[in-house]
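The residues making up each chain are set out below.
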Amino acid sequence: MMRSTAMRRYVILFLCLAVIWAGFPIAGKVHAADPGDEYDGLRQRWYEMLTGGNYDPADPDIANAIQVITDKAESNWNTMNAGPGSRTYLWSDLANGATNPTHIRLSYQRLYEMALAYRTTGSSLEGSSAVRDSVLDGLQFLNETYYNDAVTPYGNWWEWQIGAPLALNDTVVLMYDELPASAIAAYTGAIEHFVAGPRDTGANRVWSCAVAVGRGILTKDGATIQRGVAGLSPVFDYVTSGDGFYEDGSFIQHVKFAYNGSYGLSLIENLSTVFYFVTGSSWDVTDPKSANAYRWVDDSFIPFVYKGALMDMVRGRDISVFSREDHDMGHRMAAAVLRMAQSAAPVDAARYKSVIKYWLLNDTSHNFYEGLSLDFIRQAKALLNDSTVTPAPEPVASKVYPAMDRALHLRPGFGVGISMFSKRIANYETTNGQNLKGWYTGAGMTYLYNGDSDQYGGNFWPTVNSYRLPGTTAVAGKNMQAESLNNQTWVGGTSLGDDYSVVGMSLEHIDADITADMNAKKSWFLFDDEVVALGSGITSTYPSNDVETIVENRRLNAAGDNALTVNGVLKSSAIGWSETMTGVKWAHLAGSAAGSDIGYYFPGVATLEGLREERSGKWFDISKYTGVLEPGDPAHTNRFLNLYFNHGTAPTDASYAYALLPGKTASAVNSYAGNPDFIVLANNSSVQAVKEKTLGVIGANFWTNSEQSVDMITSSGKAAVMLREDGGGSLSLSVSDPNQPASAR
Ligand code: CA
């Protein structure tokens, strides 16, 4: 049933109210006039967090956020099936609650959105008794029909135990003064029925603790709050296998996936909220290991936010969700870090705030505040206006994350992320019909972050050719098998201090065809102004598929006409241009924004394929999960520039070599090609090594257990080595065995 007239709405709401009172015969309202106790104080803190506290509704960003809240609530309200009658759903697009608990959770979410508008200062729906009554009616309907203590759960457990309870708890906080005590008891009793207390590991565990703490606050049950807080303790421990935080900064969820930026983000969002709720209360977190959580902010979260973009290489299947592009989630990370600052020691809080200020000032993507809470916007604006908080400098770092097969290299003006997989970490996750084309995202995908801050936004994922991701070596047209480990243990690298790294990956293609295989040895040398990439031993037994190494697949400007110069010659900017280019020494692609030009240098010259193409796709092509579909399912279009090596069909011991030169002009790339900073010392299946002459740094990956020498380095076995001649005869040396032979995993 759709609503149309105010009169009808009035009549229906009258009926709803009658139902509410009939449904809860002992309806004694709990009112704000009750003498406040500590629980009321915690609930008030929670309420203000949800509603944003004391802000200026006239501030344009605040006004915009209020409008978004109002529009969402209006839309929910206008489409709500008001009943009472014999309805089986609240929204026609969420009609399958009887079989699909996602529809129950999303119905609660919509009621929350309506309750939020009802409570939002400055919203046209603020204080609307009609909205209030619809929310109360909806809560009662869901409780009586789907979500009560007599129901045996079905479908995805997460919806019953985490998704629905979080939305329901928040809604009860907003409507607390309007709800009969019996209703609060029924709703929180249902939550208790489905999830009595903390469960599971990692992000799921923190979620379940947040649910318990929230329920305890609402029911004034100190033991349940305490249980929720104490339940966090296992999460604080660093792990050496399975789910959780690793000492190196990695965060793993679902045993074999890198997830700092998705499950890890949810974890820190909920953890920071629980910390904030209970800080200074009788249930404050006393476990000394909780200090680790503040270290995670520095080690596991901040490094993966590039000027407000949360790197896709640690976001798993979340990259396939239309509303969760890298900046969307990076801004949410900023909000979580800011909330961590609210419970952190002053020295930690000051550091976090400086970093957030740097992000706020250097994010040139869309409005930082879009989609964020009033609470965050108010605090972020205060931060920007607080002259005592100095923005952090641009981070410069180089680090390998062996526990999740990732590498990160941050230099002035650019950042590089490398995403790999192995016998320990799987290639990509595709649960719940999501990330359907993530095939090659773990096959050495090389992300380049620079002044083009929206490179991986703007519908990159549904439009990019998923067979040709930058940095990968791929069997053309072959999907990699989902959620797969392989037999390769040599994946990782080593870093010289915090400056430079050498990274390597023994790549094995995995798909359903067990009669054919493709293997390659891939190395990256992460220096000051260049990233050198070497490949060797590229051997395939697929009888009819080319093997390609993708140097570049860059999303272009709206016209798709970014200038491409090769060996000094300007190539066609027409969509559809393709060419097999021989004798390529260098190339240059003009950026779409300041500071986003990219140079490419090919030692020893190369034969290179070029393609400028326009591609269209829908988010539904890569994610079909009900809860996160793009409304209207529109097709999106982007233009891309491809540069790749075609190693041909069934190559044996093919190789490649190239260097990325971020931020250089065409003439600077031309100069570099005439006098490169580095020389390739070796590029074969036994060793790959590069010397950066101006830095005096050598990186070498030794792939076998036989004795090998390059320059002044001799290794008796498998190793990643980086060495710097510091002058005066002194050397700095860094070595690892990426096979992790001592690993418990
Ligand atoms: Ca250099």
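These figures come from a predicted structure and were not determined experimentally.

(A) Structural detail: the overall build of the protein. Counting its secondary structure elements, the protein contains 17 helices and 28 strands. Taken over C-alpha atoms, the radius of gyration comes to 28 Å for the protein, in line with the 27 Å a tight globule of 745 residues would show. For the C-alpha atoms alone, the extent of the protein along its principal axes is close to 85 × 55 × 55 Å. Counted over contacts in the protein with a minimum sequence separation of 6, partners at least 24 positions apart contribute 70%.

(B) Geometry of the sheet that holds strand β2 (residues 251–253). In space, the three strands of this open sheet follow the order β1-β2-β3, with antiparallel pairing throughout. Both outer strands of the open sheet, β1 (244–245) and β3 (257–258), are each paired with one neighbouring strand and no more. Relative to β3, β2 runs antiparallel, the two being bridged by two bridges. For Ile252, the partnering residue across the bridge sits in β3 and is Ala258.

(C) How the structure looks around the coordination of the calcium ion. Here the calcium ion is held by the protein donor atoms Asp528 (OD), Asp529 (OD), Glu530 (OE), Glu530 (OE), Asp677 (OD) and Glu692 (OE), which lie 2.2 to 2.5 Å from it. Its six donor atoms give the calcium ion angles of 53 to 174° at the centre, a pattern that matches the irregular case. All donors to the calcium ion come from one chain, and their sequence spacing reads D-D-E-x146-D-x14-E. Exposure remark for Asp528: the relative accessible area of 19% places this residue in the buried category. According to the relative accessible area criterion, Glu530 is buried, its value standing at 0%.

(D) Structural context of helix α14 (residues 346–362). Counted at 1.5 Å a residue, the expected span for α14 with its 17 residues is 24 Å, and the 24 Å between its end C-alpha atoms agrees. All of the buried residues in α14 are Asp348, Ala349, Tyr352, Ser354, Val355, Ile356, Lys357, Tyr358, Trp359 and Leu360. Residues of α14 that are buried sit in contact with α12 (291–301), β4 (305–306), α13 (326–343) and α15 (374–385).

(E) Fine view of empty space enclosed by the protein. With the rule as written, the count across this model stands at six cavities of 30 Å³ or more. One number sums up the size of the largest cavity: a volume of about 150 Å³. By residue class, the composition of the lining of the largest cavity is eight nonpolar, six polar and five charged.

(F) Seen up close, unusual backbone geometry. The phi dihedral of Asn432 falls on the positive side, at around 60°, and the residue is not glycine. With respect to the element layout, Asn432 can be found in the loop between β8 (414–419) and β9 (445–449). The exposure class of Asn432 is partly exposed, given its relative accessible area of 29%. Backbone geometry places Asp711, a non-glycine residue, at a positive phi of 50°. Note on placement: Asp711 falls in the loop between β25 (708–710) and β26 (713–715).

(G) Representation of the pairing of strand β23 (residues 687–692). In terms of burial, β23 is a largely internal element, six of the six residues being buried. Going residue by residue along β23, you find Val687, Ala689 and Lys691 tucked away on one face and Gln688, Val690 and Glu692 tucked away on the opposite face as well. One ladder, built from five bridges, connects strand β22 (residues 678–683) with β23; its direction is antiparallel. Residue pairing in the sheet places Phe678 in a bridge with Glu692 of β23. In sequence, β22 turns back onto β23 through a hairpin of three residues.

(H) Here's a closer look at the packing of helix α7 (residues 181–194) against helix α8 (residues 202–219). For the pair α7 and α8, interaxial distance at closest approach is 10 Å and the crossing angle is 155°. If you check the angle between α7 and α8, you find them roughly antiparallel. The way α7 lies across α8 gives a crossing that is left-handed. On the side of α7, the interface is formed by Ile184, Thr188, Ile191 and Glu192, while α8 contributes Val211, Arg215, Leu218 and Thr219. Split by residue class, the contact of α7 with α8 holds four nonpolar, two polar and two charged.

(I) Structural detail: the environment of Asn204. Inspection of the secondary structure assignment puts Asn204 in helix α8. Classification of Asn204 as buried rests on a relative accessible area of 6%. Along the chain, Asn204 and Ile162 lie 42 residues apart, while their C-alpha atoms are 8.0 Å from each other. Beyond its immediate stretch of four places on either side in the chain, Asn204 contacts Trp157, Trp158, Ile162, Arg199 and Gln253.

(J) Expanded view of the layout of surface pockets. Considering only enclosed or pocket space, the second largest pocket measures out at about 370 Å³ in volume. Ile302, Pro303, Pro395, Ala397 and Leu410 are, among the 24 residues lining the second largest pocket, the residues nearest its centre. Those elements that place two or more of their residues in the lining of the second largest pocket are α12, β4, α14, β6 (397–401) and β7 (406–411). With four residues, the single largest contributor to the lining of the second largest pocket is β6. Along the lines of polarity and charge, the residues of the lining of the second largest pocket split into 15 nonpolar, one polar and eight charged.

(K) Inspection of the pattern of salt bridges at higher detail. Per the counting criterion, the structure on display carries 35 salt bridges. Between Asp133 and Arg132 there is a salt bridge, and its shortest N-O distance comes to 3.0 Å. Arg199 is paired through a salt bridge with Asp200; the nearest N and O atoms lie 2.9 Å apart. What makes Arg199 partly exposed here is its relative accessible area of 27%. A network of salt bridges, in which partner residues are shared, links Asp37, Asp40, Arg43 and Lys220.

(L) The sheet that holds β23, seen in detail. A sheet is described by the order of its strands in space; here five strands give the open sequence β22-β23-β24-β27-β28, paired in antiparallel fashion. Looking at which strands have only one partner, the edges of the open sheet turn out to be β22 and β28 (730–736). Along the sheet, successive strands turn relative to each other by an average axial angle of 10°, direction set aside.

(M) Summary view of the nonpolar core. Core analysis: the largest hydrophobic core is formed by 200 residues, its most contacted members being Tyr147, Leu271, Trp296, Trp461 and Phe602. With near-sequence residues (within four places) excluded, Trp296 lies in contact with Val235, Phe236, Tyr238, Phe245, Leu267, Leu271 and Phe301. Trp490, Phe525, Trp586 and Tyr601 belong to the second-largest nonpolar core, a separate cluster that totals 23 residues.

Conventions adopted
- Residues numbered from 1 in each chain as written.
- Predicted model: local features only at pLDDT ≥ 70, side-chain atom pairs only at ≥ 80, totals over all residues.
- Heavy atoms only, no water.
- Helix = DSSP H or I, 4+ residues; strand = E, 2+ residues; numbered from the N terminus.
- Rg over C-alpha atoms; globule rule 2.2 N^0.38 Å.
- Contact = heavy atoms within 4.5 Å.
- Pairing = 2+ DSSP bridges.
- Donors = N, O, S within 2.8 Å, 3.2 Å for Na, K, Ca; no water.
- Tetrahedral: all angles 85-135°; square planar, octahedral: opposite > 155°, others 65-115°.
- Buried < 20%, exposed > 50% of the residue type's maximum accessible area, 1.4 Å probe, protein only.
- Expected span 1.5 Å × (residues − 1).
- 1 Å grid on protein atoms, 1.4 Å probe; cavity = no way out; pocket = protein on both sides within 12 Å on 5 of 7 lines; lining within 4 Å.
- Points joined across faces, edges and corners; volume = space filled by probe spheres on them.
- Nonpolar A, V, L, I, M, F, W, Y, C, P; charged D, E, K, R; others polar.
- Axes fitted to C-alpha atoms, helices over the stretch in contact; angles between N-to-C directions.
- Parallel < 35°, antiparallel > 145°, perpendicular 65-115°, else oblique.
- Left-handed = near helix turned anticlockwise from the far one by under 90°.
- Salt bridge = Lys/Arg side-chain N within 4 Å of Asp/Glu carboxyl O.
- Core = buried A, V, L, I, M, F, W, Y, C linked by side-chain atoms within 4.5 Å.

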